Amino acid sequence: MEIKSPLSIPNGQLAIIALDSIGVLGKKIDSSLVKCRKSMINGEEDVYLDAKDSYLIGSDTIRFSNGEGKVVLEDTVRGKDVYILCDVGNYGCTYKMFGRINHKSPDDHFQDIKRVLSAMGGKAKRITVVMPLLYASRQHRRKSRESLDCAMALQELERLGVDDIITFDVHDPNVQNAIPLISFDNLYPTYEIVKAFLTKEKDLPINKDNMLVISPDTGAMDRAIYYSGVLGLDIGLFYKRRDYSTVVNGKNPIIQHEYIGREVEGQNILIVDDMIASGESVFDIVRELKKRKAEKIFVSATFALFTEGIDKFDKYYEEGLIERVYSTNLTYIPEEVKTKPWFREVDMSHFIAEVINNLNLDESIAPLLDATESINKLRENRK
């Protein structure tokens, strides 16, 4: 009798703990994992690969009336390969404290991750924290007498027994130097964003004669170079000239945007960045581009926070200044934003599910990270 070799041998039974902050995306990831595992088995029983109807472990985040809290897990994690999912940017989560409604801050969400680790009690075989928006990633380096929140948080997770941290489009990837002894995976949603853009903008001519990729600042230049390379477009750069003698809301105000690149007159524009916070930088660049007689302007960002609301985006869309904004569901997006005609949501659940599946099976995730070949196929199919 021929003995069949197992399809794959997982590193412990797969388990996902999706906190309230990432509940919707967590369910989508779980659904994708279920489909992925069942398709790998192809209807044949395999004792090494667990095919369940769900890999989620229920968790209850409880808040007391004075603001203190705790996390209760609904199942054991002993010997399991556990993936903790949390969106530290979800300000839509609320709780009552002294009779008042409070919105959860990134600090509250990070504390919930530590509560989960405490509830697990060191019983898991391996622990991975999936934090798409890295906690305190904008406070990643020290310039004066100031805190190093991101580095401190990463080291705290390491001390609490976390083996791997997965995040997306970190403001400065060098922050991983704070934890050299554990794995830190900084992933990018490039393929998913480009796929959504090419699929939904079917009538848009994407070539060197009609379109430009614009970097909003020097920090986003590497990203813009990659986009321009895979899309076959030229590139332009806006340099932010700041007033370093003044600090407003923790940062130096921008005096003027200086443009470097070829003429934008009559060109469609794709602005690529990692994050939209208030959107003021984007608005400034859009105005500068329109002064130079640019045509349709599209914006893509990994995270769209809309910290100052969306009224100005509505206004710019109505006035024909912005055509579309593409962003992922890696962090909280209010329902009112999802219904706007200028917004397009890019779903990342399938990609995260593939990453988790490969890691659980101790397989390389490198093939999932190289988007160049896949984007080239998309462009050929579009032609």
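Values in this document were obtained by computation on a predicted structure and should not be read as measured data.

Student: I would appreciate a short explanation of the nonpolar core in the present structure.
Tutor: In terms of nonpolar packing, the biggest core is built from 83 residues, with Ile 113, Met 120, Met 131 and Phe 197 touching the most fellow members. In terms of residue count, the dominant contributor to this core is helix α9 (residues 349-360) (six residues). Split by domain, the residues of this core number at least three in each of domain 1 (13-187 + 349-363) and domain 2 (190-346). When near neighbours in sequence (up to four residues on either side) are disregarded, Met 131 contacts Cys 86, Val 88, Phe 110, Ile 113, Leu 157, Ile 166, Thr 167 and Phe 168. Core analysis: the next-biggest nonpolar cluster, separate from the first, contains 29 residues, Phe 283, Val 286, Ile 297 and Ala 304 among them.

Student: Which parts of the structure should I look at to understand the pattern of salt bridges?
Tutor: On inspection of all chains with the given rule, the structure shows 18 salt bridges. Residue Glu 280 pairs with Lys 312 through a salt bridge whose shortest N-O separation is 3.4 Å. One end of the pair, Glu 280, is in helix α6 (residues 280-291); the other, Lys 312, is in helix α7 (residues 311-318), with 32 residues separating them in the sequence. Classification of Glu 280 as partly exposed rests on a relative accessible area of 34%. Overlapping salt bridges bring together Asp 81, Arg 126 and Asp 362 as one network.

Calculation rules
Residues numbered from 1 in each chain as written. Predicted model: local features only at pLDDT ≥ 70, side-chain atom pairs only at ≥ 80, totals over all residues. Heavy atoms only, no water. Core = buried A, V, L, I, M, F, W, Y, C linked by side-chain atoms within 4.5 Å. Buried < 20%, exposed > 50% of the residue type's maximum accessible area, 1.4 Å probe, protein only. Helix = DSSP H or I, 4+ residues; strand = E, 2+ residues; numbered from the N terminus. Domains from an automatic or database assignment. Contact = heavy atoms within 4.5 Å. Salt bridge = Lys/Arg side-chain N within 4 Å of Asp/Glu carboxyl O.

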